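Residue-level structural notes
Residue-level listing of the chains:
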Amino acid sequence: MKLTFLGAGHEVTGSRTLLTAAGHNILIDYGMEQGADLYENPPLPLAAGEIDCVLLTHAHIDHSGMIPRLAKEGFRGPIYATEATTKLSEIMLLDSAHIQESEAQWRNRKAQRAGGEIIEPVYTVNDAQAALRLFRPCTYGPTYPILDGISISFQDAGHLLGSASITVTVTEDGSTETLLFSGDLGNVHRPLIRDPQMPVGADFVVIESTYGDRLHGPRADYAGQLTRVLQDTLDRGGNLVIPAFSVGRTQELLFLLREIKQNGRIHGHDGFPVYVDSPLSVEATNIYSGGMMEYYDDETLDLLSRGIDPIHFPGLRTSTTSQESMAINLDPEPKVILSASGMCEAGRIRHHLKHNLWRPQSTILFVGYQSEGTLGRKLLDGAKSVKLFGEEIQVNAKIEQMDGISGHADQSMLLNWMAAMTHKPKKVFVNHGSDAVTDTFAALLREKLQLDAEAPYNGSCFDLTAMQWQSLGFRTHMEKRKVSVRTNAVFQRLYQAGRRLLNVIEKNRGLANRELAKFADQVTALCDKWDR
Ligand SMILES: [Zn+2]
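Residues numbered from 1 in each chain as written. Predicted model: local features only at pLDDT ≥ 70, side-chain atom pairs only at ≥ 80, totals over all residues.

1. A word on the overall build of the protein chain
As a reminder of what qualifies: Numbered from the N terminus, helices here are DSSP runs of H or I no shorter than four residues, and strands are runs of E no shorter than two. Atoms considered for the radius of gyration are the C-alpha atoms alone. The globule rule reads 2.2 Å times the number of residues to the power 0.38. Comment: burial labels come from other C-beta atoms within 10 Å of the residue's own C-beta, placed from the backbone, where a count of 20 or more is buried, 12 or fewer is exposed, and between is partly exposed. Once C-beta atoms have been placed from the backbone, residue pairs whose C-beta atoms lie within 7 Å are recorded as contacts.
Counting secondary structure elements, the protein chain contains 15 helices and 23 strands. The C-alpha radius of gyration of the protein chain comes to 26 Å, within 12% of the 24 Å expected for a compact globule of 532 residues. Principal axes of the C-alpha set define a box for the protein chain whose edges measure 90 × 65 × 45 Å. Buried positions account for 42% of the 532 residues belonging to the protein chain. Contacts spanning at least 24 positions in sequence make up 74% of the contacts within the protein chain whose residues lie at least 6 apart.

2. Topic: the packing of helix 12 (residues 411-419) against helix 13 (residues 435-449)
Note the threshold: Axis geometry follows a simple rule: fit a line to the C-alpha atoms, using only the stretch in contact for helices, then measure angles between N-to-C directions, giving values from 0 to 180 degrees. Oblique is the label for any angle not covered by the other classes, which are roughly parallel (under 35 degrees), roughly antiparallel (over 145) and roughly perpendicular (65 to 115). Helix crossings fall into two classes, left-handed where the near helix is turned counterclockwise from the far one by less than a right angle and right-handed where it is turned clockwise. Residues are grouped as follows: Ala, Val, Leu, Ile, Met, Phe, Trp, Tyr, Cys and Pro are nonpolar; Asp, Glu, Lys and Arg are charged; all remaining types, including Gly, are polar.
Interhelical geometry of helix 12 versus helix 13 gives an angle of 50° and a closest axis separation of 11 Å. Compared by their axis directions, helix 12 and helix 13 come out oblique. Helix 13 is crossed by helix 12, and the crossing has right-handed handedness. Counting all contacts with helix 12, which are made through Leu414, Leu415, Met418 and Ala419, the residues of helix 13 involved are Phe441, Leu444, Leu445, Lys448 and Leu449. Its residues assigned to classes, the contact of helix 12 with helix 13 comprises eight nonpolar, no polar and one charged.

3. Details of the sheet that holds strand 3 (residues 24-30)
Heads up, the rule is: DSSP bridges decide pairing: two strands pair if at least two such bridges lie between them.
Overall, mixed pairing links the eight strands, which are arranged 6-5-4-3-2-1-22-23 in an open sheet. Each edge of the open sheet is held by one strand with a lone partner, namely strand 6 (135-138) and strand 23 (468-472). For this sheet, the mean angle separating the axes of adjacent strands, direction not counted, is 25°. Pairing between strand 3 and strand 4 (residues 53-55): three bridges, direction parallel. Each residue of the ladder has a partner; that of isoleucine 28, found in strand 4, is leucine 55. With respect to the sheet, helix 3 (residues 83-114) is in contact with strand 5 (79-82) and strand 6, its orientation differing from that of strand 5 by roughly 110°.

4. Quick notes on the domain arrangement of the protein chain
Stated formally: Where each domain starts and ends comes from a domain assignment, either automatic or drawn from a database.
When the domains of the protein chain are assigned, the result is domain 1 (2-215 + 407-480), domain 2 (222-401) and domain 3 (495-530). Averaged C-alpha coordinates put domain 1 and domain 2 at centres separated by 30 Å. Of the residues contributing to the side of domain 1 that touches domain 2, the split by class is 11 nonpolar, four polar and four charged.

5. Topic: the nonpolar core
The cut-off we apply is this: A set of buried residues drawn from Ala, Val, Leu, Ile, Met, Phe, Trp, Tyr and Cys, joined through C-beta atoms within 7 Å, is what defines a nonpolar core.
In terms of nonpolar packing, the biggest core is built from 121 residues, with Val54, Leu55, Ile67, Tyr80, Ile242 and Val336 touching the most fellow members. Mapping this core onto the domain boundaries places at least three of its residues in each of domain 1 (2-215 + 407-480) and domain 2 (222-401).

6. Some details on the pairing of strand 2 (residues 16-21)
For strand 1 (residues 2-7) and strand 2, the ladder comprises five bridges, and the chain directions are antiparallel. Bridge pairing links leucine 3 to leucine 19 in strand 2. Sheet topology places strand 2 next to strand 3; six bridges connect them, and they run antiparallel. From the neighbouring strand, leucine 18 faces strand 3, where its bridge partner is leucine 27. The loop that links strand 2 with its antiparallel partner strand 3 comprises two residues; one of these, alanine 22, has a positive phi angle of about 50°.

7. Structural notes on unusual backbone geometry
Backbone torsion omega between alanine 340 and serine 341 reads 10°, so that peptide bond is classified as cis. Looking at the element boundaries, serine 341 is found in the loop between strand 15 (336-339) and helix 10 (349-356). Of note in the backbone geometry, leucine 192 takes a positive phi value of approximately 75° without being a glycine. In this structure, leucine 192 sits in the loop between strand 10 (175-181) and strand 11 (204-208).

8. Let's talk about helix 15 (residues 513-530)
Basically, it comes down to this: Given the number of residues in a helix, its expected span is that number minus one, multiplied by 1.5 Å.
Across its 18 residues, helix 15 extends 26 Å between first and last C-alpha, which sits within 8% of the 26 Å expected from 1.5 Å per residue. For helix 15, a buried count of zero out of 18 residues is recorded, marking the element as mostly open to its surroundings.

9. Comments concerning the environment of proline 137
Secondary-structure assignment places proline 137 in strand 6. Apart from residues no more than four positions distant in its own chain, proline 137 is found in contact with Ala81, Thr82, Glu83 and Thr86.

10. Some words on the sheet that holds strand 9 (residues 164-172)
Read from one edge of the open sheet, seven strands run 7-8-9-10-11-20-21, paired in mixed fashion. Lying at the two open borders of the sheet, with one neighbouring strand each, are strand 7 (144-147) and strand 21 (453-454). In the sheet, strand 10 pairs with strand 11 via three bridges, with the strands oriented parallel. Looking across to strand 11, one finds that leucine 179 is bridged to phenylalanine 204.

11. Observations regarding the confidence of the model for the protein chain
Where we set the bar: What pLDDT conveys is the predictor's confidence in a given residue, as a value from 0 to 100.
Of all residues in the protein chain, 96% attain a pLDDT of 70 or more, and the chain-wide mean is 92. Contacts from residues 480-485, a stretch scored under 50 in pLDDT, to residues over four places away or in other chains number six contacts.

12. Details of the packing of helix 3 against helix 7 (residues 279-288)
Two elements in contact, helix 3 and helix 7, have axes whose closest approach is 10 Å; the angle formed by their N-to-C orientations is 170°. Classified by the angle between their axes, helix 3 and helix 7 sit roughly antiparallel to one another. For the pair helix 3 and helix 7, contact is made by Lys87, Leu88, Ile91 and Asp95 and by Leu280, Glu283, Ala284 and Ile287, respectively.

13. Things to note about helix 4 (residues 125-132)
Note the threshold: This arc is taken over the directions from the axis of the helix to the C-beta atoms.
Burial in helix 4 covers these residues: Asp127, Ala128 and Ala131. The arc enclosing the buried residues of helix 4, seen along the axis, measures out at 100°, which places them on a common side. Structurally, helix 4 contributes buried residues whose contacts are with helix 2 (67-72) and helix 3.

14. A word on the pairing of strand 23
Counting buried positions along strand 23 gives zero out of five residues, so the element sits mostly on the surface. Two elements, strand 22 (residues 460-463) and strand 23, share four bridges in a ladder whose sense is antiparallel. Bridging across to strand 23, cysteine 461 finds its partner in serine 471. With antiparallel pairing between neighbouring strands as the criterion, strand 22 and strand 23 make up a hairpin whose turn holds four residues, including methionine 467 at a positive phi of roughly 55°.

Right, dumping it as structure tokens:
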């Protein structure tokens, strides 16, 4: 029985773990890497057709995004996930496939003009549809026997609608062992969904550590912050533009806006309109309100029992077509516009920014993390003007940020989750955190909970029977240029040869000047040849 870490080792995205047990190959998540890529991800160590099944913790693309690729390469086994994850994966994987197709088309048009190579999309809508047919919806709680000697169960991870931690029970050679995969663990006190469920424990645990090095601080008053910004913007006669991820954050904001309207907290702007302008956000909102009783928290269930829809309210308007989207900016009435993407890198939000950034009456409100290098980050850092659709746009709008809103558990919540285990693990593997954070959190688990915890690198493999590492994975940072595993190994050889050359030069110190000059000429000629 062994675990191979194929992604999210010392980095935050691209979650993929392979469990080899009882003669089966089981993938836990098969996510796409997003943003900066720090460490190389090894390829699957076996053919896609040899994978027996996939267990999916939740629908976020960094956990699910490469599943269509697996289908494209011949995987035909079942994919086990909760019902909400299954529904959300349907819209998210199809959306991702559309993005892959249009990106390949765009690159190929460029390549054709420049005489370059034609590429295939990472996967197509057909591949995503083939993968979606493999989903087997499960519920939280029951134990599902899925393969000879293997059973699984799901518990609420409180991170996204349907998100789960998954326990795998393996019976091999007469003995039974359990493994718990945390998936992404949620923050507490969030709208709509429940807090993460505390685990009983397992023999082996793989835990995320996104915020393993920091605390969220005191509970933030989300509705209060939103009310203040909203009142101020509407009073100035402007629009409140909120860049938000389509799935999760958009619905949380709708919950808060419903509460604000219901409690009459905004004065002088009765029935102000709220637009959800993104086809994916609209679809996700429909899933969130489609009777997902199993996933709601008590507050939401209480609203429903009183006949109140938690995320719909008077003045809510949705727009899916681009004509509807353009019409929003022609209407002068002050309004709220929720649109994607959350970091302003793509999508309709860029049009709304173009129409509102120059207006001193409008406000742009950030409600999520903005990574380095994104348009969202530039605006938060106080850019005076930004380029959108080839036009330089002045930033005259107010730029605001709502603090405290996070989808991930912080350090103390992660520690509490681990401390709640009555069945203490023999070993804990910490992943899904940026480089040093995984090590910091593993050290904390050793120190505070006396657990044997380590943060594995991508490509490492641990033998759970022999209790030892079989390989330690890729521990060097990737070059800025993306290189394949094979070229990386050859490059390492060249790098070693370069270091040897320096040693040889050092050894020849004191040699006759004539010889030194000859050597210098040879090295210079070699550099001239390759320095391009
Ligand atoms: Zn997630």
